[in-house]
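Observations on chain architecture
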Amino acid sequence: LFMTISRTSLHRMYRFFKFIAVLMSLLLLIAQVVSVVYLPFDMVELALKVFLSSFSVLVILNELEWWGMLRDSPMFWNFIPRGYFYAFIGLVSTEENDVKPTSSASSINSLTIDYSAALFIETASWMMVSVGIIYVLAGLFCGQHYLNKVRDDHSNRVAERKKMFEEGINSSTALSNQMIT
């Protein structure tokens, strides 16, 4: 008997976009693992892969709003710096995992494995850049301000419905207590 409060289409679209951002970050994390397994690297590149992996985890935590410190951080709360950060992560991953085939005959045999891994990494990286650009554009065109209003409205409607539900239970309990006495 407790009906759910439906979200507006903008709110649902934003939640879907957050899901896409988490998915892209997860793909970027997997891409870093793939690059360690299939692509050649030196110690500096390994350090970059570790940083990119930790940033991907940070993005996932931020998008899922699981860590209060991230929610309160202006860098992650505001869409514009968030978008720049996400795009930066994607660009660094693209550049760091840029593999160019050599002309030696031994590398030609392993080119298909390296190429497919490199293609996966580059695709995941560019998708992360796209997520960042969308966040920046949403921030520039006041999308965050409008979205905050929509989210607040939804929270208020849920709180109001919950209050009505609790008052209804209390009043019916009080009514049944009066009938017993």
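Everything numeric in this text was worked out from a predicted model, so none of it was measured.

1. A short note on the overall build of the chain
What the chain contains, in helices and strands, is eight helices and zero strands. Along the chain direction, N to C, the helices and strands of the chain fall in the order α-α-α-α-α-α-α-α. By residue count, 31% of the 181 residues in the chain fall in the buried class. Expressed as a percentage of contacts within the chain between residues at least 6 apart in sequence, the contacts between residues at least 24 apart total 81%. Total accessible area on the chain is roughly 11,700 Å²; 69% of this is exposed by carbon and sulfur atoms.

2. Overview of the packing of helix α2 (residues 43-64) against helix α5 (residues 79-96)
Their axes nearest at 11 Å, the elements α2 and α5 cross at an angle of 150°. In terms of their interaxial angle, α2 and α5 are classed as roughly antiparallel. In this structure, α2 meets α5 at a crossing whose hand is left-handed. Taken together, the residues of α5 that come into contact with α2 (itself represented by Glu45, Leu48, Lys49, Leu52, Phe55, Leu58, Val59, Asn62 and Glu63) are Arg82, Phe85, Tyr86, Ile89, Val92, Ser93 and Glu96. Its residues placed into classes, the contact of α2 with α5 shows nine nonpolar, two polar and five charged.

3. Concerning the side chain of serine 56
As for its position among the elements, serine 56 is in helix α2. The exposure class assigned to serine 56 is buried, which follows from its relative accessible area of 0%. Residues in contact with serine 56, not counting those within four places in the same chain, are Ser25, Leu28 and Leu29.

4. Focus on the nonpolar core
Side chains of nonpolar character tend, in soluble globular proteins, to be buried together. In this structure, Val59, Phe85, Tyr86, Ile89, Met128, Val131 and Tyr135 are the most contacted members of the largest nonpolar core, which totals 24 residues. Only α1 (9-38), α2, α5 and α7 (111-140) provide two or more residues apiece to this core. Among the elements that make up this core, the one with the highest residue count is α1 (seven residues). Contacts of tyrosine 86, omitting those with residues within four sequence positions, involve Val59, Asn62, Glu63, Met128, Val131, Gly132 and Tyr135.

5. What to know about α5
Taking 1.5 Å of rise per residue, 18 residues should cover 26 Å, and α5 covers 25 Å from first to last C-alpha, within 8% of that figure. Residues of α5 that are buried include every one of Phe79, Arg82, Gly83, Phe85, Tyr86, Ala87, Ile89, Gly90, Val92, Ser93, Thr94 and Glu96, and no others.

6. Brief notes about the packing of aromatic side chains
According to the stated counting rule, one finds eight aromatic pairs in the structure shown. Each ring, one from phenylalanine 55 and one from phenylalanine 85, has its centre 5.4 Å from the other, and the planes form 70°; the classification is edge-to-face. Highlighted residues: phenylalanine 55 in helix α2 and phenylalanine 85 in helix α5, separated in sequence by 30 residues. When its relative accessible area of 27% is taken as the criterion, phenylalanine 55 is described as partly exposed. For phenylalanine 85, a relative accessible area of 11% gives the class buried. Judged by centre distance (5.0 Å) and plane angle (70°), the rings of phenylalanine 79 and tyrosine 135 are edge-to-face. Taken as a pair, phenylalanine 79 in helix α5 and tyrosine 135 in helix α7 lie far apart in primary sequence, 56 residues in all. The class of tyrosine 135 is buried, set by a relative accessible area of 1%. Among the aromatic residues, those joined into a cluster by ring pairs are Tyr14, Phe17, Phe51, Phe55, Phe79, Phe85, Tyr86 and Tyr135.

7. Considering the confidence of the model for the chain
The pLDDT averaged across the chain works out to 81; a share of 82% of its residues lies at or above 70. Per-element confidence in the chain ranges from a low mean pLDDT of 48 for helix α6 (residues 105-109) to a high of 92 for α5.

8. A few points about the pattern of salt bridges
In total, this model carries six salt bridges according to the counting rule given. One salt bridge connects glutamate 63 with arginine 82, and the closest N-O pair in it is separated by 3.3 Å. Of this pair, glutamate 63 sits in helix α2 while arginine 82 sits in helix α5, and the two are 19 residues apart along the sequence. As far as the burial class goes, glutamate 63 and arginine 82 line up, both buried. Salt-bridge contacts for aspartate 153 lead to arginine 157; the nearest nitrogen and oxygen are separated by 3.2 Å. Here aspartate 153 pairs with arginine 157, and both are found in helix α8 (residues 143-180), just four residues apart, close to one helical turn. For aspartate 153, a relative accessible area of 38% corresponds to the partly exposed category. On the basis of relative accessible area, arginine 157 is assigned to the partly exposed category, the value being 27%.

Rules behind the numbers
Residues numbered from 1 in each chain as written. Predicted model: local features only at pLDDT ≥ 70, side-chain atom pairs only at ≥ 80, totals over all residues. Heavy atoms only, no water. Helix = DSSP H or I, 4+ residues; strand = E, 2+ residues; numbered from the N terminus. Buried < 20%, exposed > 50% of the residue type's maximum accessible area, 1.4 Å probe, protein only. Contact = heavy atoms within 4.5 Å. Areas by Shrake-Rupley, 256 points an atom, 1.4 Å probe, with all protein chains shown as cover. Axes fitted to C-alpha atoms, helices over the stretch in contact; angles between N-to-C directions. Parallel < 35°, antiparallel > 145°, perpendicular 65-115°, else oblique. Left-handed = near helix turned anticlockwise from the far one by under 90°. Nonpolar A, V, L, I, M, F, W, Y, C, P; charged D, E, K, R; others polar. Core = buried A, V, L, I, M, F, W, Y, C linked by side-chain atoms within 4.5 Å. Expected span 1.5 Å × (residues − 1). Phe/Tyr/Trp six-rings, centres within 6.5 Å; stacked < 30°, edge-to-face > 60°. pLDDT = per-residue confidence, 0-100. Salt bridge = Lys/Arg side-chain N within 4 Å of Asp/Glu carboxyl O.

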